[in-house]
Structure formats: structure tokens, C-alpha cells
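Per-entry structural report
Each chain, written out:
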Amino acid sequence: MSATATLIDFARADHVLSAATRTDAARLLADTLAVGAAGASAPGAAGVLAAAQGWGQGNDARLIGSPARLPAPGAAFVNAFRIHCLEWDAVHEPAVVHAMSVVTAALAASIDRMGGCDPESALTALSVGVDIASGLGIAATSPLSFFRPATAGCIGAALAVARLEAVAPLEDVLGLAYSFCAGTMQAHVEGSIALPLQIANAARSAVMAVDLVKAGLTGPHDALEGPFGYFRLIDQGELSRYTDHLGSVWGISEISTKPFPSGRASHGALGLLQGLAPDPAEIAWIELFVPPLVKRLVGRPMLGEMTPAYARLCLPLLAALMLRDGHVDPRAFTPATFADPAVLDLAGRVIVNDDGNPDPNALSPQRAVITLHDGTVAEHLIPATLGSPDAPLSPAQAAAKRSLARTLAPGADPRLFDAPLAWFTEPA
């Protein structure tokens, strides 16, 4: 049996989640819906909604964080943008995939147009989609060139929706989802708002792939391993690196929760600084030694004029805000902050170095060397990033994230925070 056939069998199989896996799925769903609600008022969100409203009339599906309804593909687009636009959404670190984002947005649209769904079926479909999206990243051996959260996310989401809606054959759903994959790392390099738009497009494409198969259309069947398949054009790797271990550990239980609304690659340093809470006035230099991927993703310099999308990926700025405020608030990403001499001074004391890690997809371990004005030097190892399974958020840290998300979403349905699984599966 080919690796692709093994993946398809996994996507359609009867699964019963263990209590631990179900708990992880429900917890991460709650986290994803909370950050999506917070993203409803983020920069660019109004324009995304206006554009989606122009694509067609209908009220199939709800939006996360606001009362409007849209046809399912449009709702998936808007909700996926809202989930990712603050860079606060959960991520599978070894895969380098925001595996919850596309899958949650696509499934929410599907469940709504179905009129609701059994919670266990919803959590199982979510877990299957997240597992496949994460698995495609695990199978990759090359650095990111395409934006993997969108490409892998589209395929995982399409198979999750098809599973929930009992659409077959899954080979065609997979083939069409692959045909619709898009999004490159150029948006990340430039700190462009196109980054969450790529996530949004992936969620819409996942729903569209299922709809087209329901309408009788077909897709290529060797979409992952073929001569022009996923692992030839989008990522290099071997799908069997994932499928040989299917079922041993659910990928959703390996997902990291992001404590701060910024690029995940920044969280190792930010978590350390939040825990240490040093006096900024005493710091001469902070030298960070990080894997090449971290340097590439967030080691960018502050610019005279930055967008919020760029700022969320600028570790010197983020470290300065953490030193100044003890946390990172997306409302601080303003021209006034970027021009603040005190922030510029602190950011200028942060140096990000490539540590030469040979793994092109590694986000850890990291190391920080903090030098004080009095000559004191302290070295700190960061073996795991805050929010990862090896360094989970404390109850207080998780509560602080949810509190900030709720503050940023004053008009959201309270169930998003108080009963997220009910919101997800019981359309009002």
C-alpha cells in the first residue's frame, strides 16, 4: 500500500479519541476560537469581510467574533483570516504548521451549513485534519519556501470536512485540495498581511474542494507522491516519514499554544524575558543564539515604518515591548510605539545570532546571554519554547491569554469563551 493510500485510510477510518486526546482537542479548539474572536477587529479584518461579502449572498455559516453570516466558503475565508491575523494561533512546532487554523475555520463553516454536529464527531474530524496537516510538515525535510501552514493546512482541512460530510471519494478531495494549494514565504519575508490571507484562502479552498467533489468533479489521485506532487514541488520529503507512524501519537496532542500575539519563533526569548523580568535600565546587551529558522523568521531589524504584520515578526521590537511592559499586546503595534525613543533604544540592545543548527525546521533549543551595564553576564538555556508540550502554559498564563482575547473581542458571542465546543457544534 502506498503512503498516500495509508493516509486516505486514516482520514476515513472510525476513530475513538482517548480521553487525553479529546481533552487536547477541546482545549485547542477553545484557544483557536478565542484568538479568532480577538482577530475580528484586527488591522485588515474589515476589508477582508467587505471583500467576502461581495463574493456572494447567503447565510450558511457564522463568523467568529461578529454577528454576520456568509456562504460557507466565504465564512471559512474570513474566519481563517481572523484566527491567524494576530499571529496568536496554535502551532505544531516540529512540523512548522499552524495546524489548527485552516482546519478549524473550514470545519466551522461545514458544521454550520449542516445545521450542527455531534461534538464527538466534530472533535474527531478536527483531530484527523490537524494530524494530516501536521504530518505533511513532519514528512518534510526541506526549509519552508511555500507557506506550509496554508499548503498542508488546506489538505488537512479538506479531508476533515469531507470526513464530516461523508463525501467520497477522498482521493478526489485530496487531489483538488492539492490543486488549490497556494501561498509562499515571500509574504513572511516582507511582513505582509498577505500571510493571514494565505491561511484564509486555504480554508476557502478546502471547502471548495469538497463542494466540487460533491458536484461530481474529480482531482488527481497521486497528488502527494506523484512526479508533480506535493513532495516534489511544494516540499521535499517522504510521506512515509509520517504515515509509517500513523496512530502512534495524535498530532493534536503535540500542538503548542502561543502565549503571545507574535511569530512563534519569538516565543522562546519572550518567555524567558517575561520569566526573568529584568530591569531594562540595567541591560547592556541581550544576545540570542537561535536556529537558522528562528533567525530567518523573526530576526529582522526594526524599520522606520513598519506594519503591524511586520512588527509581529520583529524579535528586537517584541523583546523591547516585553522588557518595557512585561507582556505583548497587539494594540501596541502602532506608529507611535515604533517611533518611541525608549523602545528603539531597547530594541537596539537585542542581537539575534544564527547558532548553526543543521535542522532547517528547528525552532529550539535556544540560548540567551544577557550582559548588564555593571559587567555581569548571565547565560540562559531555552530547551523548549513556552506553550509547547514540554513547557506548557501555567493556568495563570492561559487565563491571561484568554482574558486579553476577550478584551479584544467585546462584541463576540460569549459562548466563544464560555462554551466553545457548544459554539462550534450548535449553530444559533
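Scope of this entry: the structure provided in the associated data block. (Residues numbered from 1 in each chain as written. Predicted model: local features only at pLDDT ≥ 70, side-chain atom pairs only at ≥ 80, totals over all residues. Heavy atoms only, no water.)

Some details on the environment of G237
Of note, G237 is situated in the loop between α11 (230-233) and α12 (240-243). For G237, a relative accessible area of 13% gives the class buried. For the pair formed by G237 and M185, sequence separation is 52 residues and the distance between their alpha carbons is 18 Å. Look past the residues within four positions of G237 in its chain and what remains in contact with it is A139, A140, T141, F231 and R232. (Helix = DSSP H or I, 4+ residues; strand = E, 2+ residues; numbered from the N terminus. Buried < 20%, exposed > 50% of the residue type's maximum accessible area, 1.4 Å probe, protein only. Contact = heavy atoms within 4.5 Å.)

Section: the nonpolar core
Counting 155 residues, the largest nonpolar core has I155, L159 and L317 as the members making the most contacts within it. No other element matches helix α7 (residues 148-164), which puts 11 residues into this core. The residues contacting L159, other than those within four sequence positions of it, are L7, I8, A11, I132, L170, V173 and L174. (Core = buried A, V, L, I, M, F, W, Y, C linked by side-chain atoms within 4.5 Å.)

Observations concerning the sheet that holds strand β5 (residues 366-372)
The four strands are arranged β4-β3-β5-β6 in an open sheet whose pairing can be described as mixed. The sheet is open, and its two edges are formed by β4 (350-354) and β6 (377-382), each paired on a single side. Looking at each pair of strands side by side, their axes are set apart by 15° on average, direction ignored. Inspection of the sheet shows β5 paired to β6 by six bridges, in the antiparallel sense. (Pairing = 2+ DSSP bridges. Axes fitted to C-alpha atoms, helices over the stretch in contact; angles between N-to-C directions.)

Quick look at the packing of aromatic side chains
One pass over the structure, following the stated rule, counts four aromatic pairs. Relative to F77, the ring of W55 has its centre 4.9 Å away and its plane inclined at 85°; by these criteria the two rings are edge-to-face. Taken together, the residues span a long stretch of sequence, with W55 in the loop between α3 (45-53) and β1 (61-63) and F77 in helix α4 (residues 72-84) at a distance of 22 residues. Ring geometry for Y230 and F231: centres 5.0 Å apart, planes at 65°, overall edge-to-face. The class of Y230 is buried, set by a relative accessible area of 0%. Take F231: its relative accessible area is 1%, and that puts it in the buried class. Every member of this aromatic cluster is reached through a ring pair, and the members are Y178, Y230 and F231. Lying across the ring of W55, R204 places its NZ or CZ 4.4 Å from the centre. Directly above the aromatic system of F289 lies the positively charged group of R367, at a separation of 4.2 Å from the ring centroid. (Phe/Tyr/Trp six-rings, centres within 6.5 Å; stacked < 30°, edge-to-face > 60°. Lys NZ or Arg CZ within 6 Å of the ring centre and 35° of its normal.)

What to know about the packing of helix α5 (residues 99-114) against helix α10 (residues 194-214)
Running from N to C, α5 and α10 cross one another at 45°; their axes reach a closest spacing of 8 Å. As summarised for this structure, α5 and α10 are arranged oblique, according to the angle between their axes. Once α5 is placed against α10, the crossing between them reads as right-handed. Here S101, V102, A105, A106 and R113 of α5 lie close against α10, whose contacting residues are I199, A202, A203, A206, V207, D211 and K214. Counted by class, the contact of α5 with α10 contains eight nonpolar, one polar and three charged residues. (Parallel < 35°, antiparallel > 145°, perpendicular 65-115°, else oblique. Left-handed = near helix turned anticlockwise from the far one by under 90°. Nonpolar A, V, L, I, M, F, W, Y, C, P; charged D, E, K, R; others polar.)

A short note on the packing of helix α13 (residues 267-276) against helix α16 (residues 315-325)
At a minimum axis separation of 9 Å, α13 and α16 run at an interaxial angle of 15°. Taken together, α13 and α16 sit at an angle that is classed as roughly parallel. Read as a crossing pair, α13 and α16 show a hand that is right-handed. Of the residues in α16, those touching α13 at A269, L270, L273 and Q274 are L315, L318, A319, M322 and L323.

Notes on helix α2 (residues 19-38)
Compared with the 28 Å implied by 1.5 Å per residue over 20 residues, the 29 Å span of α2 between its first and last C-alpha is a close match. Buried residues dominate α2, accounting for 14 of its 20 residues. (Expected span 1.5 Å × (residues − 1).)

Things to note about the pattern of salt bridges
Within the structure shown, the criterion is met by 20 salt bridges. Between D211 and K214 there is a salt bridge whose closest N-O contact spans 3.6 Å. In this pair, D211 and K214 both sit in helix α10, three residues apart, roughly one turn of the helix. Because the salt bridges share partners, they merge into one network encompassing R113, E165, D211 and K214. (Salt bridge = Lys/Arg side-chain N within 4 Å of Asp/Glu carboxyl O.)

Quick word on α4
Taking 1.5 Å per residue as the helical rise, α4 with its 13 residues ought to reach 18 Å, and the 18 Å between its terminal C-alpha atoms agrees with that figure. For α4, the buried fraction is high: 12 of the 13 residues fall into the buried class. For α4, every residue scored as buried is listed here: A72, G74, A75, A76, F77, V78, N79, A80, F81, R82, I83 and H84. Those residues of α4 that are buried are in contact with α2, α3, β1, β2 (66-70), α5 and α10.

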